[in-house]
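What the coordinates show
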Amino acid sequence: MDDTPRSRNGDENTLKWRNYLLGENLLDALCIIDETLHIVQLNQRWKELVGRDSKDLESMCFTELVDPKDRAEVTDELAACLAQAVTFEMELRLDHVDGRFFWVQLRAMSLPERNLIFLTVHNITPLKTKIGHLDQFFAMLPDLLCIADFEGHFLQINPSWEKLLGWTLKELQEKEFVSFVHPEDREHTRAQYENNREGADTVLFENRYRKKDGTYKWIEWKSVTMIEEQLIFASARDITTRKLMEEKLTEMDRNQAANRAKTVFLAAMSHELRTPLNGIIGSASLAYEEAENPSQKELLSMLKASADSLQRIVEDILDFCKVDAGQIELNPEPFSLRSLVHDIERLYSAEAKQKELEFESRIEEALPDIVENDANRLGQVLRNLIDNAMRFTQQGCITINIARSSETESTDSVIQRVSDEQHQWIRFTVSDTGAGIPEHEKYKIFDVFHQTHEFMNRRVGGMGIGLTISKQLVELMGGQIELSSTLGKGSVFVMDIPFLISAKTTHAKLHEVNLDTPIPSLNILVVEDNVVNQKIVVKFLSKWGHSVVIAENGHLALNAMREKCFDLVLMDLQMPEMDGLTATRKIRAIEKSSAERTPIVAMTAHAAKSDEDACYEAGMDDFIVKPFKPEKLKAVLYPTFRAS
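Sequence positions are assigned chain by chain, starting from 1 and proceeding in written order. Since the coordinates come from a predicted model, pLDDT governs what is reported: local features require at least 70, and pairs of side-chain atoms require 80 or more to be given and counted, while whole-chain, interface and lining totals use all residues. For the side-chain quantities, the full set of heavy atoms in the structure was used; hydrogens and water were omitted.

1. Description of the overall build of the protein chain
Working definition: helices are DSSP H or I runs of at least four residues, strands are E runs of at least two. Numbering for both runs from the N terminus. The secondary structure content of the protein chain amounts to 19 helices and 22 strands. Taken across its 644 residues, the protein chain has 43% of its residues classed as buried. In this description, contact between two residues means that some pair of their heavy atoms is separated by no more than 4.5 Å. For the protein chain, contacts bridging at least 24 residues in sequence account for 60% of all contacts bridging at least 6. The Shrake-Rupley method, run with a 1.4 Å probe, gives the accessible areas here. Residue values count only the displayed protein chains as cover. Accessible surface computed for the protein chain: about 34,900 Å², of which carbon and sulfur atoms make up 52%. The buried label goes to any residue with under 20% of its type's maximum accessible area, the exposed label to any with over 50%, and the partly exposed label to all in between, with areas taken from a 1.4 Å probe on protein chains only.

2. Examining the pairing of strand β4 (residues 101-111)
Sheet topology places strand β3 (residues 87-95) next to β4; nine bridges connect them, and they run antiparallel. Residue pairing in the sheet places Arg93 in a bridge with Trp103 of β4. Two strands qualify as a pair provided DSSP detects at least 2 bridges between them. Here β3 hands over to β4 after five residues, with Gly99 in that stretch at a positive phi of 100°. Relative to strand β5 (residues 116-123), β4 runs antiparallel, the two being bridged by eight bridges.

3. Points about the environment of Leu169
For Leu169, the location among the structural elements is in helix α7 (residues 169-174). Residues Leu169 and Phe154, spaced 15 residues apart in sequence, show a C-alpha to C-alpha distance of 9.4 Å. Filtering out sequence-adjacent residues up to four positions away, Leu169 remains in contact with Ile157, Asn158, Pro159, Trp161 and Glu162.

4. A closer look at the packing of helix α12 (residues 375-392) against helix α13 (residues 466-476)
Closest axis-to-axis distance for the α12/α13 pair is 9 Å, and the angle between their directions is 150°. Compared by their axis directions, α12 and α13 come out roughly antiparallel. The hand of the α12/α13 crossing is left-handed. Here α12 contributes Arg377, Gln380, Val381, Asn384, Leu385 and Asn388 to the contact with α13, which in turn contributes Gly466, Leu467, Ile469, Ser470, Leu473 and Val474. Class assignment for the residues of the contact of α12 with α13 results in six nonpolar, five polar and one charged. Axis geometry follows a simple rule: fit a line to the C-alpha atoms, using only the stretch in contact for helices, then measure angles between N-to-C directions, giving values from 0 to 180 degrees. For this classification, under 35 degrees means roughly parallel, over 145 means roughly antiparallel, 65 to 115 means roughly perpendicular, and everything else is oblique. Crossings are sorted by hand: turned counterclockwise from the far helix by less than a right angle, the near helix makes the crossing left-handed, and turned clockwise it makes it right-handed. Under this grouping Gly is polar, as are all residues other than the nonpolar Ala, Val, Leu, Ile, Met, Phe, Trp, Tyr, Cys and Pro and the charged Asp, Glu, Lys and Arg.

5. Remarks on the pattern of salt bridges
When a carboxyl oxygen of Asp or Glu lies within 4 Å of a side-chain nitrogen of Lys or Arg, that pair is called a salt bridge. Inspection of the entire model under this criterion finds 32 salt bridges. For Asp213, the salt bridge identified is with Lys211, shortest N-O distance 3.9 Å. Since its relative accessible area comes to 53%, Asp213 is described here as exposed. Here Glu220 makes a salt bridge to Arg242, at a shortest N to O gap of 3.4 Å. Of this pair, Glu220 sits in strand β9 (residues 216-226) while Arg242 is found in helix α9 (residues 240-290), placing the two residues 22 residues apart along the sequence. Look at Arg242 and you get partly exposed, because its relative accessible area is 35%. Sharing partners across several salt bridges, the network here consists of Glu206, Glu220, Arg242, Lys243 and Glu246.

6. Overview of the packing of aromatic side chains
Paired rings are identified among Phe, Tyr and Trp, the last through its six-membered ring, by centres lying within 6.5 Å, and are further divided according to the angle between planes into stacked (under 30 degrees), edge-to-face (over 60) and tilted (the rest). One pass over the full model with this rule turns up 13 aromatic pairs. With 6.0 Å between their ring centres and 90° between their planes, Trp46 and Phe62 make a pair best called edge-to-face. Residue Trp46 is located in helix α2 (residues 45-50), and its partner Phe62 is located in the loop between α3 (54-57) and α4 (68-84); the two are separated by 16 residues in the primary sequence. A centroid spacing of 5.1 Å and a plane angle of 50° characterise the contact between Phe154 and Trp161, whose relative ring orientation is tilted. In this pair, the class of Phe154 matches that of Trp161, namely buried. Our definition puts a charge over a ring when NZ of Lys or CZ of Arg is within 6 Å of the ring centre and also within 35 degrees of the ring normal. The residue whose ring lies beneath Arg93 is Phe101, and the NZ or CZ to ring-centre distance is 5.8 Å. Taking the ring centre of Trp103 as reference, the NZ or CZ of Lys128 above it sits at 4.3 Å.

7. Some details on the environment of Val371
Relative to the assigned elements, Val371 resides in strand β13 (residues 370-373). Residue classification places Val371 among the buried residues on the basis of a relative accessible area of 0%. Sequence separation of Val371 and Pro498 is 127 residues, and the distance between their C-alpha atoms is 9.7 Å.

8. Regarding the side chain of Asn553
In this structure, Asn553 sits in the loop between β19 (547-551) and α15 (554-563). Looking at Asn553, the relative accessible area reads 6%, which means it is buried. In protein, a polar contact means a hydrogen-donor-capable atom and an acceptor-capable atom, both N or O and within 3.5 Å, with residues adjacent in sequence counting only if both atoms are side-chain atoms; elsewhere, any N or O pair within 3.5 Å suffices. Of note is the side chain of Asn553, whose polar atom sits 3.0 Å from the backbone nitrogen of His555. Excluding its chain neighbours within four sequence positions, the residues that come into contact with Asn553 are Val527, Met575, Pro576, Glu577 and Met578.

9. Some remarks on the environment of Phe138
With respect to the helices, strands and loops of the structure, Phe138 is situated in helix α5 (residues 125-140). Judged by relative accessible area, Phe138 falls into the buried class, the value being 17%. Through-space distance from the C-alpha of Phe138 to that of Ser160 is 9.4 Å; in sequence the pair is 22 residues apart. Once you skip the residues sitting within four places of it in the chain, Phe138 turns out to touch Leu145, Cys146, Gln156, Ile157, Asn158 and Pro159.

Structure, rendered in structure tokens:
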């Protein structure tokens, strides 16, 4: 081949190309074009690139090889290169004869003295393919990816940023990235950024980024540094949901800690209030029974009534706190519905008679007698409603009516009522002819501490939480309670509660005990550290003919039982040196080696269901709560009497 390439315009524009064979051995494609951009000469590498023979190529305009997408730009750049005698580089696409295109790096150098351009073309298709794959991967990843410089700007970021924050990629790159960070997190972010600038291997941290709508997203970062290039490569992800969950868990932990504190507080309050109340009520009962002067009996009767009222207030406050702390649990057991109502009727008959009120109860004959739910809580609700009726009724009557609840009777209930052979919905109606409640007050009557009269103008007492507790207990039992009332004519409270129809017999301690039945003398150990309660219990038991020994704590109780046999132990729970639960477990452990088992009854101011369960788990046989009336104390003696 002739080693002197020639221009189509003649010999004056010829270019002597030294060592042309060297050009054939290069990996790059070399080409010379004239001022019309037609090819003057090229090496054999072009055949491999575009799939055409050299003879075919030498008659073509160079831009015919350029892909149409890049042709206009290449034409302009080459014309400028020749006119201005400059060198330029660019990436463009060339077309192969089979229709494919490939990427090349073009370097153009002007030879102005001959009106020629010398081109070097390097195939970069593999590199562009890899970069394209990386770019596609970069764009498709849901994580936040970025490349930042040491001046605090994003150089490249993927589309996930725009999706998460709402800012365009351009907006994010125009400002320092720290300007999008929450003000409280900026100092921490700058400190971590400095760690990157100093060449830390991996930097991990969290911060909050502002969205375009003004809200913030929590972001977790992991970044590495290329010191020589002064670039920071980072990946991040949205952890807002995780942060919210952590906050909820933290809040739950705080609530649990608060509930634990409430539990401890309630236990202490229960003990500290019930213990002196037991002394007041017990002393008043003893003094009333021993008083002979009518004037003294009247004063002691008022003292007893005041103590009973105080006890109900204390019980309401403690129950309200338990409900608020979520510490009330139901204890469903079979019980006699008629016996429960009979006991309530007997409890309020004297008060009704004293106020010259008619007081009666009616139970539908078709109702089953033995049903299952929490009898104690049901009784508490009924007593609250009757207490309320007694306070606000000056004349007329108070009536309790108990019947089957019709599925169609409730108009606004969302509770599905199903009564069948195993279940029965029962309606309890407590009505009175009292003062009634104004229409605008009816919807507030179950609100906590709400009272229908101003405090200074009220004629009756009460904390205003009895009805709140009643509503909460009814709903806890699976039912609902409603009120209808007419001002000046009275009120009607209606409760609908579901019950299981039990085939079991009621527990022995639910049977009515005839307290007039005489009990032979029993040897009783009273384990109690409070001196007042010691004297009251001893006074009652001695009056009933029983022999009593006092032990002030669990250690002394164990010593007493080693020296003497007892028919019954009345055990307090909270005592110094050794508490009642520990003492009971030790007693039961000692008894395993003998055939004898002494009945132990908890006598405590701790009234929670968990306390009662703990007593039975420790090996106790019964459980009575302070303050208790003499009748309750006498009632726990009968099982021992029957067993003996």
